[in-house]
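# Examining the three-dimensional arrangement
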Amino acid sequence: MVATAPSDGDAPQVAHPSGAEIIRQIKAANVREIVALPDIVTSDGLLWPISKDPEFRLTRICKEDEGVSICGAMSYNGTRAVLMMQQTGLMDSLNAIRAIGVDYELPIVMLVGLQGKEPHLLPDASASYGVRIVRPVLDAMGLSHSLIEEPQDVAHIPTAIDAAYANSRPHIFLVGRAPVVS
């Protein structure tokens, strides 16, 4: 069964990714450390279920760039972590990502909710300037990223996390549709 969002007037019905499946895929990549700030896109379908899952250790932080530092430090002893935030925090922490992820070559893996993105549009077509610029900025910085919009988009999560750790480089998952609790 494919979950769809409730209709918002003229917006078409769209399929949303499963939060439970995203969590399964994160576990399949041997990640048990989640570093997070709440974000409206991922909180209901991901962060709250993660906070109740005894297989994860959740570290709540106050600032996104401190999460970049924490995830980078964990990588030194082989601990895999995922940093969760929204795109405003991603943009705010670009210098830390550049220094720690790119210059120091550490595998910072991020799940970033695209707050304000219309679920029926791709990020580049969003009316929200803050959403529209995310992918071009990441491309300009040479940062690996992928989009999680559709239910089938979650299947690549373990491969992307494995590649980030194998290559010691950041990877950003852009979550364009709120994961549904399932």
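Everything below is about the structure printed above this text.
If you're wondering where the values come from, they're calculated on a predicted model, not measured in any experiment.

Each value, and the rule that gives it
Residues numbered from 1 in each chain as written. Predicted model: local features only at pLDDT ≥ 70, side-chain atom pairs only at ≥ 80, totals over all residues. Heavy atoms only, no water. Pairing = 2+ DSSP bridges. Helix = DSSP H or I, 4+ residues; strand = E, 2+ residues; numbered from the N terminus. Axes fitted to C-alpha atoms, helices over the stretch in contact; angles between N-to-C directions. Buried < 20%, exposed > 50% of the residue type's maximum accessible area, 1.4 Å probe, protein only. Polar contact = N/O pair within 3.5 Å; in protein donor to acceptor, adjacent residues only side chain to side chain.

### What about the sheet that holds strand S5 (residues 144-148)?
Across the sheet, which stays open at both edges, the six strands sit in the order S2-S1-S3-S4-S6-S5 with parallel pairing between neighbours. Of all the strands in the sheet, just strand S2 (57-60) and S5 have a single pairing partner and so form its edges. Direction aside, the axes of adjacent strands within the sheet are offset by 20° on average. Alignment of S5 against strand S6 (residues 171-175), held across five bridges, turns out to be parallel. When the bridges of S6 are listed, Ser146 appears paired with Phe173.

### Digging into the side chain of Arg177
By the secondary structure assignment, Arg177 is in the segment after S6. Assessed through its relative accessible area of 6%, Arg177 is described here as buried. Within the structure, Arg177 has its side chain in polar contact with the backbone oxygen of Pro119 (distance 2.6 Å). A polar contact is formed between the side chain of Arg177 and the side chain of Glu150, at a distance of 3.0 Å.

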